[in-house]
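# Residue-level structural notes
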Amino acid sequence: MASALTSLPQWKSLAKHFDAIRDVHLRKMFADDPSRGETLTVEAAGLYLDYSKNRVTAETMGLLVGLAEAADVQGRIEAMFTGEKINLTEGRAVLHTALRAPKGATVMVDGENVIPDVHAVLDKMAKFCDRVRGGDWKGHTGKRIRNIVNVGIGGSDLGPVMAYEALKHFSDRNLTMRFVSNVDATDFAEATVDLDPAETLFIVASKTFTTIETMTNATTARTWLLAGLGGDEAAIPKHFVALSTNAELVSAFGIDTANMFEFWDWVGGRYSMESAIGLSTMLAIGPKHYREMLDGFHEMDQHFRTAPLTENLPVLMGMLAVWYSNFFGCETTAVLPYEQYLKRFPAYLQQLTMESNGKYVTTDGDRVTYDTGMIYWGEPGTNGQHSFYQLIHQGTRLIPCDFIAFGKSLNPIGDHQDILMANVLAQSEALAFGKTADEVAAEGTEAWLVPHRAFEGNRPSSTIFADVMSPAILGKLVALYEHSVYVQSIIWNIDAFDQWGVELGKVLAKNIIPELDPKSKSDLKHDSSTNQLIRRYRSMR
């Protein structure tokens, strides 16, 4: 039953504890335990997590870990790594961790070790990338490929876009990288407006080669390319490759299936950026850096699998999310990277977190009786400080924050990095401790203005430190959040690896498409609003 979670003694102990500390200010917590800034920290896999500015005590963390133990988090972690079919509604294993396992590893699925196949695809990707990057792969006219356009949507777009932006410092600047996802024609038009078809390679990313948005854009790309190259269909195999498992449709499109890079049904879209879906990333940064990213993923995977729960970064972050969602009633988490290269990281996390845990049905098929799946959002600092931080500091909603910061800049110029770091440290301090009315008044502020300039503080945050942005660090950060999401789903007893909620709209859209033709004689059988909107659109056509 869905109420089983809230019936656990560990849950009830947390609820009782919450009542005791819910109004305790972080000022008092630090005063009562001056060393908490050193003790409520964990360091592993090259990441340093300071969670001392959260509204927790050592007792809180012990109780949260106790709940994790009661939910058998350790056992469920092992079930994922060993290939159990934990994606229950689709009857699939969940093995994104196998995508970054070393060659000598063994991961069994249905009696077969999948690691050799994983590395065969990686080796095939590397050889292809070396040919393109080295200039051996030529377009139809004999020109070198200088433009790469990734055509995908969801996990086939968000991961590659984020990774390209995050690792741009390591990319080949002689290659122009573009990404098309939206079925809005403007996305394609703007991505290709200044490109030479003779120098452009399209990567079509669709497991089934039937995703309507992706295949609409891919068909448009095909038309665009042929228009620019005299209509010769022999050009298609030189300018298109596929990330797919549907050889028949790939071939029918005109793509040589020798240039089809496969992945597997035990890889969910939002967990696929290091599979063949990462081909655009490998083209941009090269096979060496790509493998460094995979090594970073694997290092965090091993930490997650082997570290005690009390020292386990993803477990602690996942349990803090449960604490804020289910006890404080928080609805959102802000992810605030103080690193411009991570500007797309919050957008990437939106799919990872909300498509995974946006569920109101448990694995048992019962309606949940508690909140699941917080909303994740954010922007890089310091930009966000001049935008939405006002609401975080003085708004009526409690918004836990994850700050991500680095000791070194990849572009050290003057004192930029010190100013950047001063800001991230100041923001977490201001959120936690605020500024009392007495402190504001003591500065000589007029009495009527004091309430406006006071900060109540007690706004929680975690800070994640790393040395410098790199392919390995990106892998560690992504894996950290992947595993944190899984921990939350274990506690909530929901399936983090299906996404049935995205299906209904797709089905209805396919039905509506032919009805939008002004010449359509179809009898509209939707609700009165949808019927009228269709008629209105027809008149606009």
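Note that the structure is predicted; figures quoted are calculated from it, not measured.

## A few points about the packing of helix H5 (residues 58-70) against helix H14 (residues 313-326)
- At a minimum axis distance of 10 Å, the contact between H5 and H14 shows a crossing angle of 100°. Of the possible angle classes, the one that applies to H5 and H14 is roughly perpendicular. Note on element contacts: H14 touches H5 through Leu 316, Met 319, Leu 320 and Trp 323, opposite Thr 60, Met 61, Leu 64, Val 65, Leu 67 and Ala 68.

## Considering the packing of aromatic side chains
- Under the defined criterion, the tally for this structure stands at 26 aromatic pairs.
- Look at Trp 323 and Phe 327: their rings are 5.3 Å apart centre to centre, the planes differ by 40°, and that puts the pair in the tilted class. Each member of the pair, Trp 323 as well as Phe 327, is classed as buried.
- Their ring planes at 85° and their centres at 5.6 Å tell us that Trp 323 and Phe 328 sit as a pair that is edge-to-face. Per residue, the accessibility class of Trp 323 equals that of Phe 328, and both read buried.
- The rings of Trp 11, Phe 18, Trp 323, Tyr 324, Phe 327, Phe 328 and Tyr 370 are connected pair by pair, giving a single aromatic cluster.
- Positioned above the aromatic ring of Phe 253, the side-chain terminus of Arg 222 is 5.6 Å from the ring centre.

## Section: the UniProt feature "active site" (unreviewed entry) in the protein chain
- Feature annotation in UniProt assigns "active site" (unreviewed entry) to the following positions: Glu 355, His 386 and Lys 506. A maximum C-alpha distance of 37.4 Å among these annotated residues, which run over 152 residues, shows that they spread across the structure rather than meeting at one spot.
- Along the chain, Glu 355 turns up in helix H15 (residues 345-357).
- Since its relative accessible area comes to 22%, Glu 355 is described here as partly exposed.
- In contact with Glu 355, not counting residues within four places along its chain, are Arg 270, Gln 350, Asp 498, Gln 499 and Val 502.
- Of the polar contacts made by the side chain of Glu 355, one reaches the side chain of Arg 270; its length is 2.8 Å.
- Residue placement: Lys 506 occurs in helix H21 (residues 503-512).

## Some remarks on the domain arrangement of the protein chain
- In terms of domain boundaries, the protein chain breaks down into domain 1 (5-71 + 307-492), domain 2 (99-286) and domain 3 (503-540).
- A straight line from the C-alpha centre of domain 2 to that of domain 3 covers 33 Å.

## Things to note about the sheet that holds strand S10 (residues 332-337)
- Ordered by their spatial adjacency, 6 strands build an open sheet running S1-S2-S13-S12-S10-S11, and the pairing between neighbours is mixed. Lying at the two open borders of the sheet, with one neighbouring strand each, are strand S1 (41-44) and strand S11 (375-377). In this sheet, neighbouring strand axes are inclined to one another by 15° on average, regardless of whether the strands run parallel or antiparallel.
- The sheet contact formed by S1 and strand S2 (residues 47-50) spans 4 bridges and is antiparallel. When the sheet's bridge partners are listed, Ala 44 is paired in S2 with Leu 47.
- On top of the sheet, H15 reaches S10, S11 and strand S12 (401-406); it is set at about 165° to S11, its chief contact.

## Overview of helix H17 (residues 416-433)
- Between the first and last C-alpha of H17 there are 26 Å, a value that for 18 residues agrees with the 26 Å anticipated at 1.5 Å per step.
- Of the positions making up H17, those classed as buried are Gln 417, Leu 420, Met 421, Val 424, Gln 427, Ser 428, Leu 431 and Ala 432. Down the axis of H17, the buried side of the element spans an arc of 130°, and every buried residue falls inside it.

## Considering the pattern of salt bridges
- If you walk through the whole model with that rule in mind, you get 24 salt bridges.
- Between Glu 165 and Lys 168 there is a salt bridge, with its nearest N and O atoms 3.3 Å apart.
- Residue Glu 165 is classed as buried on the basis of its relative accessible area, which comes to 17%.
- Salt-bridge contacts for Lys 435 lead to Glu 443; the nearest nitrogen and oxygen are separated by 2.6 Å.
- For Lys 435, a relative accessible area of 27% gives the class partly exposed.
- The network of salt bridges with common partners includes Arg 100, Glu 274, Asp 301 and Glu 482.

Parameters at a glance
Residues numbered from 1 in each chain as written. Predicted model: local features only at pLDDT ≥ 70, side-chain atom pairs only at ≥ 80, totals over all residues. Heavy atoms only, no water. Axes fitted to C-alpha atoms, helices over the stretch in contact; angles between N-to-C directions. Helix = DSSP H or I, 4+ residues; strand = E, 2+ residues; numbered from the N terminus. Parallel < 35°, antiparallel > 145°, perpendicular 65-115°, else oblique. Contact = heavy atoms within 4.5 Å. Phe/Tyr/Trp six-rings, centres within 6.5 Å; stacked < 30°, edge-to-face > 60°. Buried < 20%, exposed > 50% of the residue type's maximum accessible area, 1.4 Å probe, protein only. Lys NZ or Arg CZ within 6 Å of the ring centre and 35° of its normal. UniProt positions renumbered as here; feature names shortened; annotations may be inferred. Polar contact = N/O pair within 3.5 Å; in protein donor to acceptor, adjacent residues only side chain to side chain. Domains from an automatic or database assignment. Pairing = 2+ DSSP bridges. Expected span 1.5 Å × (residues − 1). Arc of directions from axis to C-beta. Salt bridge = Lys/Arg side-chain N within 4 Å of Asp/Glu carboxyl O.

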